[in-house]
Amino acid sequence: MSAPHRTAEEIGRTAAGPRPVPPLGTQRAAADLSHVDTTLSNGLRVLAVRKATVPLVELRMWIPFGGDDALHPATAEVLAETLLTGTARRDRIEIDADLALIGGDLASGVDPERLAITGTSLADGLPTMLDVLADALTGASYADAEVERERERLIERIAVSRTHPRTIAREALQKHRYGNHPAVREVPQAEDVAVVTPEQVRALHQASVLPRGSVLVLVGDIDPQTVVGDLEKALAGWASDRSAVRLPALPDLTGGHVLLVPRAGAVQSQIRLSAQAVSRTDPGYAALQLANLAYGGYFSSRLVENIREDKGYTYSAHSGFEFTDQTAVVNVEADTATDATAAALLETRYELARLGLVPPTAEEVESVRQYAIGSLVTAASSQGGLAAQLAALAATGLGAEWLAEHPARLAAVTAGEVADAALEFFAPKRFTGVVVGDADVLAPKLAALGDVTVGEPA
């Protein structure tokens, strides 16, 4: 006879009462890495890490790619789309075929801060992947037909992207925070892309695709010492006396009003708030990280419990860090129905104030601490996740040591330090931001909350 079905509650209990939850084990370091962190003769920083869990290699390259020319965003986007479409030695088909033979791929993308190249291959195919990469870095041809084809596709994607509420809200927030700073131009104008020529793309490559000041991360089944020598040979032809162009420093946010950006007839609103934070190199970053998690950084946070679970104003609410070069901000996001927008903004600000005035309890701090450490260890457990984390750290001058040591920093943070960080960095007056939605409906209610002004339509 089969055993009777037991409910979850029955499974979790004994005759003496609820089953005790097992104690947490000792926290491990986020990574115990055999690695080399060095700079090649051409000025490229290389971080090579052995992680032989599977016979693959993950590649991440970040090239600073700032520019203040009016057409820079459009030209940079076309460059990123066509970088891997042909060289003097290989056409698009040959590039794809060579990568396919090693189970590999390469892709590129760009934002106002950097040109990023990502790739993966079988470990024994790494020499081929590096050869294709070097070929593109030193000899990308940007053939007229390829530029024209990718330019037209890009125009179509931009047209679609600019109809998305999240894109509209992001652009509005960037303009509100940073005015005319080059960082604002994340999505180029379609009409600018339409006039980009192959000659302009080639000129930008020559001027800006530079090794000095750039970062290459390799993670996988490799010998870090050997791979550095392989890179010196593979990238010997990629050299310049000039350095890659960094984005100008962003101005610090000092708080201020919330801008209501009209979007006529919208049935949903996007709330985006932002305040200055500290970078990962700051001694207070670990405490601020835990304060952010308690506020809105994970599913059991105060903000989610309030405006999602309790009041049902939104399906998704979140707060998190945005790092740009050596600076950082904390962002708060929520999408709500139009009729719930004012109430959701009120509760979002209320939770900001409450975090400082009624700081996280010892139990809350311990919960977010375990989540932060566990998330870090989990993210670093795969080759791709580890490569992405190290690339982000390396771009700000940090390396594998910071990643390995961060769990100990999180473990050492006290509840008092989290309370201090909450009071200092999450005060509502430190935040500025935007609300994108139907101004005819929202303006009277948002005006009643104070510090809300109406801007130009999106």
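Keep in mind the model is a prediction, meaning the values are calculated, not measured.

**Looking at the pairing of strand 8 (residues 215-220)**
In step 1: The buried fraction of strand 8 is high, at 6 of 6 residues.
In step 2: The side-chain alternation of strand 8 yields two buried faces, one formed by Val-215, Val-217 and Val-219 and the other by Leu-216, Leu-218 and Gly-220.
In step 3: In this sheet, strand 8 lies alongside strand 4 (residues 45-50) in parallel orientation, the contact comprising 6 bridges. Looking across to strand 8, one finds that Arg-50 is bridged to Gly-220.
In step 4: The pairing of strand 5 (residues 56-64) with strand 8 spans 6 bridges and is antiparallel.

**With respect to the domain arrangement of the protein chain**
In step 1: What the domain assignment lists for the protein chain is domain 1 (35-235) and domain 2 (258-454).
In step 2: Of the residues lining the interface, 29 residues belong to domain 1; the matching set on domain 2 comes to 36 residues.
In step 3: With both chains or domains summed, domain 1 and domain 2 bury close to 2,500 Å², and 61% of this area falls on carbon and sulfur atoms.
In step 4: Along the contact surface separating domain 1 from domain 2 lie 4 salt bridges.
In step 5: With a shortest N-O distance of 3.5 Å, Arg-166 and Asp-335 are connected by a salt bridge.
In step 6: Within the residue set of the side of domain 1 that touches domain 2, elements represented by two or more residues are strand 3 (34-39), strand 4, strand 5, helix 6 (165-178) and strand 8.
In step 7: When residues in the side of domain 1 that touches domain 2 are grouped by element, the largest group, 10 residues, is from helix 6.
In step 8: A breakdown of the residues in the side of domain 1 that touches domain 2 according to their chemical character gives 14 nonpolar, 5 polar and 10 charged.

**A short note on the pairing of strand 13 (residues 432-437)**
In step 1: By the criterion of burial, strand 13 is predominantly enclosed, with 6 of the 6 residues buried.
In step 2: Pairing of strand 9 (residues 258-262) with strand 13 involves 5 bridges; the strand directions are parallel. Residue pairing in the sheet places Pro-262 in a bridge with Gly-437 of strand 13.

**Considerations on the pattern of salt bridges**
Between side chains of opposite charge, pairing is possible as soon as their charged atoms come close.
In step 1: Using the criterion set out here, one finds 33 salt bridges in the structure.
In step 2: Between Asp-131 and Arg-90 there is a salt bridge, with its nearest N and O atoms 2.6 Å apart. A residue pair is termed long-range when its members are at least 10 positions apart, and Asp-131 in helix 4 (residues 126-139) and Arg-90 in the loop between helix 2 (72-82) and helix 3 (92-101) qualify at 41 residues.
In step 3: For Asp-131, a relative accessible area of 27% gives the class partly exposed.
In step 4: Ionic pairing is found between Asp-335 and Arg-272, a salt bridge with its closest N-O pair at 3.0 Å. One end of the pair, Asp-335, is in strand 12 (residues 327-337); the other, Arg-272, is in strand 10 (residues 268-276), with 63 residues separating them in the sequence.
In step 5: The class of Asp-335 is buried, set by a relative accessible area of 17%.
In step 6: Several salt bridges share partner residues, and in doing so they unite Arg-89, Arg-90, Asp-98, Asp-131 and Asp-135 into one network.

**Notes on helix 8 (residues 198-208)**
Think of an α-helix as turning once every 3.6 residues; residues three or four places apart then point the same way.
In step 1: Those residues of helix 8 lying buried are Pro-198, Val-201, Leu-204, His-205 and Ser-208. For helix 8, the arc enclosing every buried residue in end-on projection is 125 degrees, short of the 170-degree limit, so these residues lie on one face.
In step 2: Close packing links the buried residues of helix 8 with strand 5, helix 2, helix 4 and helix 5 (144-161).

**Quick word on a nonpolar patch on the surface**
In step 1: A contiguous nonpolar surface patch, about 310 Å² in accessible area, is contributed by Leu-357, Val-358 and Leu-423.
In step 2: By the secondary structure assignment, Leu-423 is in helix 16 (residues 415-425).
In step 3: Taking the relative accessible area as the measure of exposure, Leu-423 reaches 48% and is therefore partly exposed.

**Focus: the packing of aromatic side chains**
In step 1: What the rule picks out here adds up to 7 aromatic pairs.
In step 2: Here the aromatic rings of Tyr-285 and Trp-402 are separated by 6.3 Å at their centres, their planes lie at 45 degrees, and the arrangement is tilted. Remark: Trp-402 occurs in helix 15 (residues 400-412) and Tyr-285 occurs in helix 10 (residues 285-297); sequence separation between them is 117 residues.
In step 3: Look at Tyr-298 and Tyr-371: their rings are 4.7 Å apart centre to centre, the planes differ by 45 degrees, and that puts the pair in the tilted class. Of this pair, Tyr-298 sits in the loop between helix 10 and helix 11 (302-310) while Tyr-371 is found in helix 13 (residues 362-379), placing the two residues 73 residues apart along the sequence.
In step 4: Exposure remark for Tyr-371: the relative accessible area of 37% places this residue in the partly exposed category.
In step 5: Of the aromatic side chains, those joined through ring pairs into one cluster are Tyr-285, Phe-321, Phe-323 and Trp-402.
In step 6: Cation over ring: Arg-280 sits above Phe-323, and NZ or CZ is 3.7 Å from the ring centre.
In step 7: The cationic tip of Arg-308 hangs over the ring face of Tyr-315; the distance from NZ or CZ to the ring centre is 4.8 Å.

Reading the values: rules and limits
Residues numbered from 1 in each chain as written. Predicted model: local features only at pLDDT ≥ 70, side-chain atom pairs only at ≥ 80, totals over all residues. Heavy atoms only, no water. Buried < 20%, exposed > 50% of the residue type's maximum accessible area, 1.4 Å probe, protein only. Helix = DSSP H or I, 4+ residues; strand = E, 2+ residues; numbered from the N terminus. Pairing = 2+ DSSP bridges. Domains from an automatic or database assignment. Contact = heavy atoms within 4.5 Å. Buried area = accessible area lost by both parts, 1.4 Å probe. Salt bridge = Lys/Arg side-chain N within 4 Å of Asp/Glu carboxyl O. Nonpolar A, V, L, I, M, F, W, Y, C, P; charged D, E, K, R; others polar. Arc of directions from axis to C-beta. Patch = residues over 30% accessible without salt bridge, like charges linked within 9 Å, V, L, I, M, F, W, Y side chains within 5 Å. Areas by Shrake-Rupley, 256 points an atom, 1.4 Å probe, with all protein chains shown as cover. Phe/Tyr/Trp six-rings, centres within 6.5 Å; stacked < 30°, edge-to-face > 60°. Lys NZ or Arg CZ within 6 Å of the ring centre and 35° of its normal.

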